[in-house]
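Remarks on the overall topology
The lines below spell out each chain.
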Amino acid sequence: MTTAHQPNAILVLEVDGAGAHPAAWRLDNQTPDSVLDAQQIAKAVLAAESAGFHAVSIEDSRLAPGSGPGARLDAIQRAAFLGPLTHSIGLIPVADSIYTEPFHLSTQLSALDGVSAGRAGWIVSAGGTAAEGAAVGREAVTAGELPGEVADVLEASRRLWDSWEDGAVIKDVATGRYLDRSKVHYADFVGKRFSVKGSSISPRPIQGQIPVFAAEPLDADSDAILIGAPDLDGLLAAAQGNSFPGIRIAELDFVLDHAGEPAADRVEALDGWEPWHSPRARFTGTATDFTDYLLELLGHVGGVRLHPAELRKDAQEFAALVLPALRLAGALKPIRTGNTLRETLGLPAARNRFAAS
Amino acid sequence: MSTRNQPKNLLRLGVFFQGVNSGTVWKTPEAGSQTDFESFRRLIQTAERGIFSAFFLGEGLRLREHLGQIHDLDVAGRPDAQTLLAALAAVTNRIGLVATQNTTYNDPADMAHRLASLDLISGGRAAWNIVTTDNAWTGANFRRGGYLDHADRYTHAEAFVATAKRIWDSWGREDIAANGSQSAWFAGNAPKPVEHTGKHYNISYTSRLPRSAQIRPVLFQAGDSAEGRDFAARQADVIFSAHGGLEAAKVFRADITARTLKAGRPASAVKIMPGSEFILAATESEAEEKHRWVREQQIGPQQALAYLEQFWGESLAGLDPEGPLPDFDPKISESDVTRGSGFQGAKAVELTRSWRESAKDQGLNILEFVRGKSGRVGGSFVGSYARVADTLERYAESGAVDGFNITPWLIPSGLDDIVNHLVPELQERGVYPTHYAGDTLRENLGLEDPTDVAPAVTDEDNTRYEVAV
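Residues numbered from 1 in each chain as written. Chains lettered and ligands numbered in written order. Predicted model: local features only at pLDDT ≥ 70, side-chain atom pairs only at ≥ 80, totals over all residues. Heavy atoms only, no water.

- With an unreviewed UniProt entry as reference, chain B is termed FMN-dependent oxidoreductase (Nitrilotriacetate monooxygenase family), source organism Paeniglutamicibacter kerguelensis.
- Here is the UniProt Sequence similarities (unreviewed entry) comment for chain B, exactly as written: "Belongs to the NtaA/SnaA/DszA monooxygenase family." (UniProt positions renumbered as here; feature names shortened; annotations may be inferred.)

And the structure:
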């Protein structure tokens, strides 16, 4: 048990598709193919940035969605597209750690950090299912083996990100040397299923180490963990348990009253098309009640990842009514244009494991 | 002589942002970072101002090494190509976005998905420059290691590309519901998995993305061997060639035309753009002076010795860069001490003997000799804006090439003089576009829609694709 403290939290808005509800695309004021329109995605994220969200997360999966829109653009690329268009908001794609080449993944995230001036994050996903493996001709990874595999991928990524020390590029005209090779290291990672020699092909990311978010059972060396529970009380209880040294982010679905229509009616209308099966706790109700709930929750965790039932409507209500109330109550971390995501999260500068101390 | 009234073949320009290796000048204060996003933004926006068709990025899979150590003399470090291009899609409107990507160290379903994603994000402007590798040294960074035999490179690449095309062709926007009241997001049947069983992979993958505004990404290819040329003739839309001289370009065009027709495609289906370098100024003498300066910047004493070391196979640190070439033979038979360079496998003894003769005959020291050897393989255009424009006009009239893929030797300002001075000269001569022809890369390269878009694959058809991916 932890006792509640003065909240100093971050808000992460999930912006995938038309919203978390599988029928959200039906009632959206957009054509069904708008999930493929990068300009529409940018519009939603610019609105989130103006409203004062600290970051957006971008869901992804190696499999075609089982319900809702059948299409999904690569999450790292969506985040990269948003990089030059935004200035303060963190960009946190979900990326699979099990079937992606660790070398490519680390480089892609490093490039995302570059195009966003240091605002990249990474939500590690790890399905390990046979269907995901079949896409790349590999075997399933059992649930018991997933944490170890994630830890290996994370360690390989971190070693690659550190493989160029800051200051490795010297441009020394007198000796003709562009690099100081004593500051470029092999990653030399050997894991259970793969090894990576390194060095990275890219210099160290702007943030040094990109903030990594992982679901609770996969918490190996992540900067933040995502915690969840099936209902609101369960989430409060989970929030009060604390064995993780880093930032804890609560996962939460939400539906708010919108344009005179009560939240419960909105869910009923959506469910009439397709039921909403979600493992996450769900808030359904008024902005005032949601603010009260969040003020309590944020006393125990470092932030929330908010999954709006309908992206445009629920994010808009949240931005208009809940977010200002949380800000006024002093519950949110400050946001400064030009901050890196590490700075926004309050993480210390990342030490390079290869640098002489 | 042609007259100004007749329509002429239009040349197209692409820019290959290589950024690394010895071609990129870094010893001058104007040289900016080749990894900062702002350098990319500046260069691509300049290219778009100059109606360039395409912006290319290379791919790095392992940092270069020389004599067993990280190569420290040349520019090194590059960001992931597709991630960067997705960001550049946000700050450009028409220019094509070309990612060089290796078929050996990527998974077909993954690569097809990421390229389709880039194609949709950019509104139909993506392309894939297909390259192959087979060495275990590069493989040390990847799960599968060095699994591929050299002889299998193109068979593997072709099966990879065929699988990617099937994934891209699985479904289209016409399959998406027109509005939210239809029974499902897919208006028709949901797409079927693309199945493939082969020597290197067994794949079952259902595409998550529809065809793009240009149907699928444009395919570039650069391999120059007979196998590489046949591969391009069967699969590619554009060849990024190494034949920039006018006569060589004509011979190459004739060869590619024959191979393309033999592959059952119209000759116009494959465009040719030689990789090239432009060193331009207002006058001929200024351009010559600039040429000399660029070579001095690219090849200093250390770079000259390192160049020779690749072929001699040992450190030549004791030699005077302003003295003659080594008077002894290499102790290696094939060059391989610089990993990640294009010179692996050159016959060292024969080559270096001929160099020694040639340098002696011309009275060149090491530095002068190596500087004379550098420059783009495809071709260097050195001269005044007007004279180079005249030269390019002859290329346009000859039909030998469809354009050029320019590697700037200076980042990020290396296209400024080309766009500010050469492009208007070409437009005046009627051999260069004055506006973008359309919104997609395919349109802007003058390519037709692909004719081999696969019909929907049924389960029974799967046996047709028993190929060697």
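On we go.
Topic: the overall build of chain B
- Within chain B one finds 14 helices and 14 strands.
- Here chain B has a C-alpha radius of gyration of 23 Å; the compact-globule value for 469 residues is 23 Å, and the two agree.
- Reported as C-alpha extents along the three principal axes, the dimensions of chain B are approximately 80 × 55 × 45 Å.
- Sorting the 469 residues of chain B into buried and exposed places 60% on the buried side.
- A separation threshold of at least 6 residues defines the contact pool for chain B, and within that pool the share at least 24 residues apart is 78%. (Helix = DSSP H or I, 4+ residues; strand = E, 2+ residues; numbered from the N terminus. Rg over C-alpha atoms; globule rule 2.2 N^0.38 Å. Buried < 20%, exposed > 50% of the residue type's maximum accessible area, 1.4 Å probe, protein only. Contact = heavy atoms within 4.5 Å.)

Focus: the pairing of strand 13 (residues 303-308) of chain A
- Burial analysis of strand 13 of chain A places six of its six residues in the buried class, the great majority of the element.
- Burial along strand 13 of chain A is two-sided: the face carrying Gly303(A), Arg305(A) and His307(A) and the face carrying Val304(A), Leu306(A) and Pro308(A) are both buried.

Considering the interface of chain A and chain B
- At the junction of the two partners, chain A supplies 72 residues and chain B supplies 73 residues.
- Both faces combined, the contact of chain A with chain B buries some 5800 Å², and carbon together with sulfur accounts for 57% of it.
- Broken down residue by residue, the surface that chain A buries against chain B is led by Gln77(A), Tyr178(A) and Arg181(A), which jointly contribute 13%.
- In this assembly, chain A and chain B are joined by five salt bridges.
- Ionic pairing is found between Arg62(A) and Asp110(B), a salt bridge with its closest N-O pair at 3.1 Å.
- At the boundary of chain A and chain B, one finds 35 residue pairs in polar contact (both at pLDDT 80 or more).
- Ranked by residues supplied to the side of chain A that touches chain B, first place goes to helix 4 (residues 102-115) of chain A with nine residues. (Buried area = accessible area lost by both parts, 1.4 Å probe. Salt bridge = Lys/Arg side-chain N within 4 Å of Asp/Glu carboxyl O. Polar contact = N/O pair within 3.5 Å; in protein donor to acceptor, adjacent residues only side chain to side chain.)

A few points about the packing of aromatic side chains
- As enumerated under the stated definition, the model contains 33 aromatic pairs over all chains in all.
- Taking 4.4 Å as the distance between ring centres and 20 degrees as the angle between the ring planes, the aromatic pair formed by Phe283(A) and Phe290(A) counts as stacked.
- Phe290(A) gets classed as buried once you look at its relative accessible area, which sits at 0%.
- Judged by centre distance (5.9 Å) and plane angle (25 degrees), the rings of Tyr307(B) and Trp355(B) are stacked. On the criterion of sequence distance, the pair formed by Tyr307(B) in helix 9 (residues 301-312) and Trp355(B) in helix 10 (residues 348-362) is long-range, its members being 48 residues apart.
- Judged by relative accessible area, which is 6%, Trp355(B) ranks as buried.
- Members of the aromatic cluster, joined through ring pairs, are Phe53(A), Phe254(A), Phe283(A), Phe290(A) and Phe318(A).
- We note Lys197(A) situated over the ring of Tyr186(A); from NZ or CZ to the ring centre the distance is 4.3 Å. (Phe/Tyr/Trp six-rings, centres within 6.5 Å; stacked < 30°, edge-to-face > 60°. Lys NZ or Arg CZ within 6 Å of the ring centre and 35° of its normal.)

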